[in-house]
Amino acid sequence: MGGISGAAKTMAARPLVVGSGLALIIMIITAFTAEVYDDPFILYRYAENLATGAGWTFNPGAPTENGVSSGLVVVVLAGLAKAGINVALGSALVFAAGMWSAAFSAYLILRREGFLLAGVVTALLVATWPPFIEARGMESALMLGLLGWGTWLLFEGRSAWSGVALGLATVTRPDIAFAVAALIVVRGLLTRSSRRSLVAFVLAGATGIAWVIVARTLAGGVWPSTLAAKVAQAASGLWRPYAAEVWLLLRDRQPSRVILGFVLMAAVAGVLLARQRVGLAIGATLIGLGGLYFLGHVPLRWLASWPRPVIALVVVGLVFSPRMKERSITIPLIAAGVVSAATLSVLKVAYYSWYPMLPMYVALILAGIAIQNMVQAIRPAPPWPRAIALAAIATGISAAMVMGLSGLAHMAQTRVELRQNIGPWLRAETPATASVACMEIGILGYTSDRRIVDYLGILDSEAVPHIAQGDWTWWLGHYRPDYVVMYPAAIGLSLIHISEPTRRTPISYAVFCL
């Protein structure tokens, strides 16, 4: 047998090198971050109860509704718990595996079409993207990982496995079902492979039907009670609906000014780069940044904040994507992202930062393509302008990531007092039969091991109509909890404060005895 050429060895090694590097980055991130939100702990408690034989319930011994955002995650964590792995550790493993899968599959999707640099850049962006890391412990990482593998398999023509993977992604987050359908259909139309698309579509549907059977057996139903609760929260006026929150971002003076400025700057710089006028492109960028800072009175932190450079890059990626093979990647993904956002808008759910994960994933792939387009446009330029432009691109991406990641520690810190102080205090100082009413039902339920009274409709649909009407005190007389945990300004209640086992923070919690 003949020897393998050096070029072939290099090509074979690249996925291994990229995959290994991503694994190292994600392991470090997993080791030095913690859960930011309350929702992961809801999944943890359901998983623990399922693993110990208490059933599909949040409060052992008392029936609660299906208050999980992802039944598949609960089943996976319960399975790991049965194998002797603590649910928090199991969740960290699922998060790391999901993030690695999302990042590495994005690299493979772009690499197969010849966008090697775009693949590497996108993989790094996905692995370090702050909103993805903020959602640690939730279903987002698993959903993105399955979606990434399913998309790559679809593009590879492996329709059956693609259908299974995309079906599992839909099971993980049911609201992306229409987005997955759009991805499959649009890809089939563009590549004229209707038979393969049909196979993927049918297998995705079959996977969903199989999950319906499992869900009805374990949880007694398919649809979680969280959907009705999120719709009621949006109707209450205390939370903004998904579409309204996005519109507010565009309407609000400062963010819209920044986004518009970045988009215009990206368009001008992109045109100049396409014509190989690198020096002028650099000048236009500097003038644009200076104008935003000095004339628009936009702080530097707004200029470098992570969404805005990516929005600008996406604009370049969309405008300068003339090749059909590039559009065969971008158009199906854009269709999936748009349909995902439209679905959330039609459902009229309250906006939460982890909802637009699929559109973000699509945006990062487009940003990677845009960066490769810019680098290719810069390549024929003289050495000094080329070096300056490449350094500016690298510095901008790095600064955005560092600023985003640095904010994660502060966000997680607001939950530390609940995990380390309030929950253990309730476990030690209150009767085992005590009931505790709170907003953060996940953290307190998981750490206090007390029966939790939920007045936001996650565990009890009886709360839903009251939430929709903005009635935030009905539960006091209805449930008559033994203790209430909240930060006093939460809903304007005035109660007798008996203990506050927490230090003063911007959100300082108190325990009330009723």
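Note that the structure is a prediction, hence the values are computed from the model and not measured. (Residues numbered from 1 in each chain as written. Predicted model: local features only at pLDDT ≥ 70, side-chain atom pairs only at ≥ 80, totals over all residues. Heavy atoms only, no water.)

Caption draft 1: Summary view of the overall build of the protein. Regarding its fold elements, the protein presents 22 helices and five strands. Out of the 514 residues in the protein, the part that is buried amounts to 51%. Long-range contacts, defined here as pairs at least 24 residues apart, represent 71% of the contacts in the protein between residues at least 6 apart. Just so you have it, the protein exposes about 22,800 Å², and 67% of that area is on carbon and sulfur atoms. (Helix = DSSP H or I, 4+ residues; strand = E, 2+ residues; numbered from the N terminus. Buried < 20%, exposed > 50% of the residue type's maximum accessible area, 1.4 Å probe, protein only. Contact = heavy atoms within 4.5 Å. Areas by Shrake-Rupley, 256 points an atom, 1.4 Å probe, with all protein chains shown as cover.)

Caption draft 2: Here's a closer look at the pairing of strand 2 (residues 451-454). In the sheet, strand 1 (residues 435-438) pairs with strand 2 via four bridges, with the strands oriented parallel. Paired with Cys 438 across the strands is Asp 454, a residue of strand 2. With helix 20 (residues 441-448) bridging strand 1 and the parallel strand 2, this β-α-β connection has right-handed handedness. (Pairing = 2+ DSSP bridges. Right-handed = clockwise from strand over helix to strand, strands pointing away.)

Caption draft 3: Just the pattern of salt bridges, in detail. The full count for this structure, using the stated rule, is four salt bridges. Residues Arg 112 and Glu 113 are paired through a salt bridge, measuring 2.5 Å at the closest nitrogen-oxygen approach. On the accessibility criterion, Glu 113 (11% relative accessible area) is buried. Through salt bridges with shared partners, one network takes in Arg 112, Glu 113, Glu 156 and Arg 158. (Salt bridge = Lys/Arg side-chain N within 4 Å of Asp/Glu carboxyl O.)

Caption draft 4: Examining the environment of Ile 334 more closely. Mapped onto the elements, Ile 334 comes out in helix 17 (residues 324-347). Residue class for Ile 334 comes out partly exposed when judged on its relative accessible area of 28%. Taking the C-alpha atoms as reference points, Ile 334 and Leu 358, separated by 24 residues in sequence, lie 10.0 Å from one another.

Caption draft 5: Structural context of the packing of aromatic side chains. In this structure the tally under the stated criterion is 17 aromatic pairs. Between Tyr 455 and Trp 475, the aromatic rings sit 4.2 Å apart at their centres with planes inclined by 10°, giving stacked as the arrangement. Of this pair, Tyr 455 sits in the loop between strand 2 and helix 21 (464-468) while Trp 475 sits in helix 22 (residues 474-479), and the two are 20 residues apart along the sequence. Neither residue differs from the other here; Tyr 455 and Trp 475 are each classed as buried. The ring of Phe 58 carries Arg 45 above its face, with NZ or CZ at 4.8 Å from the centroid. A cation over a ring is seen here: Arg 187 above Phe 155, with NZ or CZ 4.0 Å from the ring centre. (Phe/Tyr/Trp six-rings, centres within 6.5 Å; stacked < 30°, edge-to-face > 60°. Lys NZ or Arg CZ within 6 Å of the ring centre and 35° of its normal.)

Caption draft 6: Seen up close, the packing of helix 9 (residues 177-191) against helix 10 (residues 194-218). At a closest axis distance of 8 Å, the pairing of helix 9 and helix 10 adopts a crossing angle of 165°. Between helix 9 and helix 10, the interaxial angle falls into the category roughly antiparallel. Like other packed secondary-structure pairs, helix 9 and helix 10 cross with a definite hand, here right-handed. Of the residues in helix 10, those in contact with Ala 181, Ile 184 and Gly 188 of helix 9 are Ser 194, Ser 197, Ala 200 and Phe 201. For the contact of helix 9 with helix 10, the per-class residue count stands at four nonpolar, three polar and no charged. (Axes fitted to C-alpha atoms, helices over the stretch in contact; angles between N-to-C directions. Parallel < 35°, antiparallel > 145°, perpendicular 65-115°, else oblique. Left-handed = near helix turned anticlockwise from the far one by under 90°. Nonpolar A, V, L, I, M, F, W, Y, C, P; charged D, E, K, R; others polar.)

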